[in-house]
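Here's the letter readout for the chains.
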Amino acid sequence: MKILVIVLSMVFLLCPLLIAYAEEGEKVPSKQKSMSFETQVVKTVKLNYLLYLPKDYGKDKEQKFPLIMFLHGAGERGDDLEKVKIHGIPKIVEQKEDFPFIAVSPQCPEDSWWDTDALKALLDEIVAKYEVDPDRVYLTGLSMGGYGSWALGIAYPNKFAAIVPICGGGDEKKVAVLKDVPIWVFHGAKDGVVPLWQSEKMVNALKEAGGNVQFTIYPEADHDSWTATYDNPELYEWLLKQKRENK
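Before going into details, it helps to say that this report is about the structure given with it. Only a predicted model underlies this, so the values are computations on that prediction, with no experimental measurement involved.

About the thresholds
- Throughout this document, residue positions are counted from 1 along each chain, in the order its sequence is written.
- Per-residue local features of the predicted model are confined to residues with pLDDT of at least 70, and side-chain atom pairs are confined, for both listing and counting, to 80 or more; whole-chain, interface and lining totals are unaffected and use all residues.
- Side-chain measures here rest on the full set of heavy atoms in the structure, leaving out hydrogens and waters.
- Numbering of helices and strands starts at the N terminus; helices are DSSP runs of H or I of at least 4 residues and strands are runs of E of at least 2.
- Throughout, exposure labels follow a simple rule: accessible area from a 1.4 Å probe, protein chains only, divided by the maximum for the residue type, with under 20% read as buried, over 50% as exposed, and the rest as partly exposed.
- By convention a nonpolar core is built from buried Ala, Val, Leu, Ile, Met, Phe, Trp, Tyr and Cys residues, the set being connected through side-chain atoms within 4.5 Å.
- In what follows, residue pairs with any heavy atoms lying within 4.5 Å of each other are defined as contacts.
- Pairing of aromatic rings covers Phe, Tyr and the six-membered ring of Trp, with a centre-to-centre limit of 6.5 Å; geometry is then stacked below 30 degrees between planes, edge-to-face above 60, and tilted otherwise.

When helices and strands are counted, the protein shows seven helices and eight strands. Per-residue burial over the protein gives 46% buried out of 247 residues.

Let us look at the nonpolar core. Grouped together as the largest cluster of nonpolar side chains are 41 residues, with contacts concentrated most on Leu-67, Met-69, Ile-102, Ile-126, Tyr-130, Leu-178 and Ile-183. Top contributing element to this core by residue count: helix H3 (residues 116-129), with five residues. Among residues more than four places away in sequence, those in contact with Leu-67 are Ile-102, Val-104, Leu-123, Ile-126, Val-132, Arg-136, Val-137 and Tyr-138. In this structure, Ala-161, Ile-166, Tyr-218 and Tyr-230 belong to the second largest nonpolar core, which totals 26 residues.

What follows is about the packing of aromatic side chains. Following the criterion strictly, the structure yields twelve aromatic pairs and no others. The interplanar angle of 65° and the centroid separation of 6.1 Å between the aromatic rings of Tyr-52 and Phe-99 together place this pair among those described as edge-to-face. Pair noted here: Tyr-52 is in strand S2 (residues 44-52) and Phe-99 is in the loop between helix H2 (88-95) and strand S4 (102-107), with a separation of 47 residues, a long-range link. Across this residue pair, the class does not change: Tyr-52 and Phe-99 are buried. An aromatic cluster of three or more residues is present, and its members are Tyr-52, Phe-99, Phe-101, Tyr-138 and Tyr-236.

Remember, this is a structural readout, not a statement about activity or role.
Here's what the structure looks like:
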């Protein structure tokens, strides 16, 4: 009986500490955590996603942070968020301790395509819930996510401060709505999965519309034009200089 009393006493003493530790960990996670979001657009769409908060998040209650939404490629679809960490921004934040952006990386369900309305609803949820600077929201994606970046940007052109589509493509007849959004496009010249012309037609249409677009072609790269892109510090320096003007 005495042993039981001692054990219970220790539990009661530790509980407040454990709760405080849990709350602090929830507030400022050091890496990404798995989340789930469900929205009803025309149909109900459930998106699991990874969320990363910078290490300084929460220290200053008045500080707002830039946000990157990352859209993965077709190979990472499904219900296993670990797959989303294989490439791109989720891979980078697992390696860097000082990544300055909030990063939200949704996972597209198996046998599906990126739903622009669902993505916009998720983005609105994140901006409302966390300390996001709404004028520094950035969008990027690779392959299928490159297509998704073009499509989401075209659907909501006033939402983003900059867009970075990698080895993707889209509807060049609609891309003029993005003429005021800074866009940096990347593609491999030898891409055998998504041909280079898919990006070229988007870039050319934007230039004709007077758009603010840069185009980087890797002469020797095949489909993987994203590793060099996301590993380049200049990309993030460029993003941080972009601020939304059209609201």
